[in-house]
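What follows is the residue order along each chain.
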Amino acid sequence: QVQLVESGGGLVQPGGSLRLSCVASGRGFGLYAVGWFRQAPGKEREFVGIISSGGASTNYADSLKGRFAISRDNAKNTVYLQMNSLKPEDTAVYYCAAREAFKSQYDFWGQGTQVTVSS
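Asks: Is there a simple way to explain the packing of aromatic side chains in this structure?
Replies: Aromatic ring pairs are reported here in terms of the distance separating the ring centres and the angle at which the planes meet. Tallied over the full model, the rule gives five aromatic pairs. Relative to Phe47, the ring of Phe37 has its centre 5.7 Å away and its plane inclined at 70°; by these criteria the two rings are edge-to-face. Here Phe37 is found in strand β4 (residues 32-39), whereas its partner Phe47 is found in strand β5 (residues 46-51), with ten residues between them in sequence. In this structure Phe47 comes out as partly exposed when scored by relative accessible area, which is 30%. Members of the aromatic cluster, each reached through a chain of ring pairs, are Phe37, Phe47, Tyr106 and Trp109. The residue whose ring lies beneath Arg45 is Phe37, and the NZ or CZ to ring-centre distance is 5.3 Å. Above the face of the Tyr106 ring, Arg99 is positioned so that its terminal group lies 5.4 Å from the ring centre.

Conventions and cut-offs
- Residues numbered from 1 in each chain as written.
- Predicted model: local features only at pLDDT ≥ 70, side-chain atom pairs only at ≥ 80, totals over all residues.
- Heavy atoms only, no water.
- Phe/Tyr/Trp six-rings, centres within 6.5 Å; stacked < 30°, edge-to-face > 60°.
- Helix = DSSP H or I, 4+ residues; strand = E, 2+ residues; numbered from the N terminus.
- Buried < 20%, exposed > 50% of the residue type's maximum accessible area, 1.4 Å probe, protein only.
- Lys NZ or Arg CZ within 6 Å of the ring centre and 35° of its normal.

Distances and angles like these do not, on their own, reveal function.
What follows is the structure in structure tokens.
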């Protein structure tokens, strides 16, 4: 199995940027696709984006394309979420999750990190 820990959240002004990190421990991290999700109070969990196990392919929610970007460094067991031009509606707890290739289920989740966008 793999364990995931998110970090990098905090308070940022509208229009600012943050980079979140998802650091993994355990075996076979390079075999997992990793997705990012977010959940705001009173709202359903929302898909943010995903990166393939090798990092060659990414996909994002349509509403976030152009502002958010996912990358990974398998040598460091880390996946990143770069967030630019942040808006108050981006305020949420952000989670990373790992999924084995060819599976639809995310088997492993981090604890989440809070992102607050406010002036």
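Alright, that's what it looks like, and here's the rest.
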